[in-house]
Amino acid sequence: MSKLDKIIEKLDPVFGKIGNEIHLLAIRDALMSMIPFLAISGVCTFFSAIFFTETSFIGKMMDPVSIANIASFFQRIGNGTISLMSVLLAVMIPYFMGKQRGYHNPLILSVTSLALFFVFNPLDGGSAYFGTQGALLAMIIGLTSSELFIKLAQNEKLKINVGNNVPEAVKNSFDTFIIIIVELVLYSLIATILSVTTSMEAIELISNILQKPLVNIGATLPGAIIYTVVQTILFNFGIHPGAIVSPIESVFTMAIEEGKIINYSFITTFGQMGGTGACLGLLIVLLFLAKRKELKAVGRVAVLPTLFNINEPLSFGIPIVFNPIMMLPFMICPLVNTIFAYIVTKLGFLSVFTNIITWSTPPFIKGYIASNGDFRAIIIELICMVCDIFIWLIFLRVYEKQLEKNEMAEV
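Rules behind the numbers
- Residues numbered from 1 in each chain as written.
- Predicted model: local features only at pLDDT ≥ 70, side-chain atom pairs only at ≥ 80, totals over all residues.
- Heavy atoms only, no water.
- Axes fitted to C-alpha atoms, helices over the stretch in contact; angles between N-to-C directions.
- Helix = DSSP H or I, 4+ residues; strand = E, 2+ residues; numbered from the N terminus.
- Parallel < 35°, antiparallel > 145°, perpendicular 65-115°, else oblique.
- Left-handed = near helix turned anticlockwise from the far one by under 90°.
- Contact = heavy atoms within 4.5 Å.
- Nonpolar A, V, L, I, M, F, W, Y, C, P; charged D, E, K, R; others polar.
- 1 Å grid on protein atoms, 1.4 Å probe; cavity = no way out; pocket = protein on both sides within 12 Å on 5 of 7 lines; lining within 4 Å.
- Points joined across faces, edges and corners; volume = space filled by probe spheres on them.
- Buried < 20%, exposed > 50% of the residue type's maximum accessible area, 1.4 Å probe, protein only.
- Arc of directions from axis to C-beta.
- Core = buried A, V, L, I, M, F, W, Y, C linked by side-chain atoms within 4.5 Å.
- Salt bridge = Lys/Arg side-chain N within 4 Å of Asp/Glu carboxyl O.

A closer look at the packing of helix H6 (residues 106–119) against helix H7 (residues 135–153)
- Viewed as axis vectors pointing N to C, H6 and H7 meet at an angle of 130 degrees, and their least axial separation amounts to 9 Å. Comparing their axes, H7 and H6 come out oblique. The way H6 lies across H7 gives a crossing that is right-handed. Together, Ile108, Leu109, Thr112, Ser113, Leu116 and Phe117 of H6 and Leu137, Ala138, Ile141, Gly142, Ser145, Ser146, Phe149 and Ile150 of H7 make up the contact between the two elements.
- Its residues placed into classes, the contact of H6 with H7 shows nine nonpolar, five polar and no charged.

Below is the structure:
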């Protein structure tokens, strides 16, 4: 038995228990059912962010009106996919929770959860909650409301008896009438108390709590580590971290002019190879080393987006999000890359990055440009990628075994 097999054998029982947890299964099934929406969104993001902008090589050859029209085409698809992610989660998670619990009418769980999601939205318009920003809120509401609903449904006193000589749909409506009212009142009360006492909505509260420590630590190695941990944790919970981590990113950007090792270009080069979570290593593992056909298929779909650091097709297609097995390498890989590259730079084996680069610049080109043409940056990126491949491979093997066990259990 190889060392890799021994590691997998030790990890498998632990992650097996976690992976079979009913709430995580419901979230995983919900995300898996959303793969078509998330995949097309990632592809559209790739084309709109790389090719059809005013500064792209294609954009420079076209007039601004044509570019704007093409951008609106991709934006419309985005509005119907990733921009509705939280709404979709609020519907799908309760549905699969109902399936897991054996509840006879999972659709009513979805409708109720969706209503409660809108209860928690700001009164002056909460469209910002519809996308990835509100994903954690949607998950919490979907899980808690469905569990509470099923629990209350077991109490016969909460059902209104209309007799047996009525259509089934009418009977079901009266059976759930009181339960729906109870949940609407309860969740509205929680949302109101939260808003009145903190003067903030749920997402704003999370952002405020997380931002201050990040900004205070600044452009240091501990700051980079905490930034990476917070960013990957948020992604693991289905939340796009942009709005929360943007203050520390501005600090990292200013650090370039100050000549600090830890700066924005350094973080995005080594910590975000293939997007948040250093997913380039995962892409290679999926394409060449994965054993399961569906995982290879996700890898093929994600090739172009991942090469330009767009990781949504992978993070939601595997999924990594709310997947206890794949969450760990998603956090470990960027941390290993960042710490290793910092040590190498500190010892003088790599130039301090002096040029600002955009997030969408492909790996290996990133380091070369950011270091002002230092070829050693490419070598360090290659070393990081090899380490990432090994780390991702270990956890992917555990995940594949878990999927096989789940299939056998279902049979």
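Structure's up, so let's keep going.
Some points on empty space enclosed by the protein
- The final tally for this structure, using the stated rule, is two cavities of 30 Å³ or more.
- Quantified by volume, the second largest cavity comes out at close to 40 Å³.
- Every residue lining the second largest cavity is listed: Tyr227, Thr228, Gln231, Thr232, Ile267, Gly271, Gln272, Gly277, Pro334 and Thr338.
- Secondary-structure elements contributing two or more residues to the lining of the second largest cavity are helix H10 (221–236), helix H12 (264–271) and helix H17 (324–346).
- At four residues, the largest contribution of residues to the lining of the second largest cavity is made by H10.

Observations concerning helix H14 (residues 293–301)
- When H14 is considered as a whole, its buried residues turn out to be Leu295, Val298 and Gly299. Relative to the axis of H14, the buried residues are bounded by an arc of 100 degrees and lie together on one face. Residues Lys293 and Arg300 are exposed on H14 and point more than 90 degrees away from its buried face.

Some remarks on the nonpolar core
- If you look at the biggest cluster of nonpolar residues, it comprises 55 residues, and the most contacted ones within it are Ile318, Met326 and Trp392.
- If you list the elements that add at least two residues to this core, you get H10, helix H11 (242–257), H12, helix H13 (280–288), H14, H17 and helix H19 (376–410).
- Counting residues per element, this core draws most heavily on H19, at 14 residues.
- The next biggest cluster of nonpolar side chains, apart from the first, holds 32 residues, and it includes Leu116, Phe120, Ile141 and Val321.

A word on the packing of helix H5 (residues 85–101) against H7
- Packing of H5 against H7 leaves a shortest axis separation of 8 Å and a crossing angle of 30 degrees. It follows that H5 is roughly parallel to H7 by the angle criterion. Two packed elements cross with a definite hand, and for H5 against H7 that hand is right-handed. Every residue of H7 that contacts H5 at Met85, Ser86, Leu89, Ala90, Ile93, Pro94, Met97, Gly98 and Arg101 is listed here: Ala135, Ala138, Met139, Gly142, Leu143, Ser146, Glu147 and Ile150.
- By residue class, the composition of the contact of H5 with H7 is 11 nonpolar, four polar and two charged.

Looking at the pattern of salt bridges
- Counting across every chain of the model gives five salt bridges.
- Ionic pairing is found between Glu147 and Arg101, a salt bridge with its closest N-O pair at 2.6 Å. Note that Glu147 is positioned in helix H7 and Arg101 in helix H5, a separation of 46 residues in sequence.
- The class for Arg101 is partly exposed, based on a relative accessible area of 40%.
- A salt bridge links Arg292 to Glu294, with the nearest nitrogen and oxygen atoms 2.5 Å apart.

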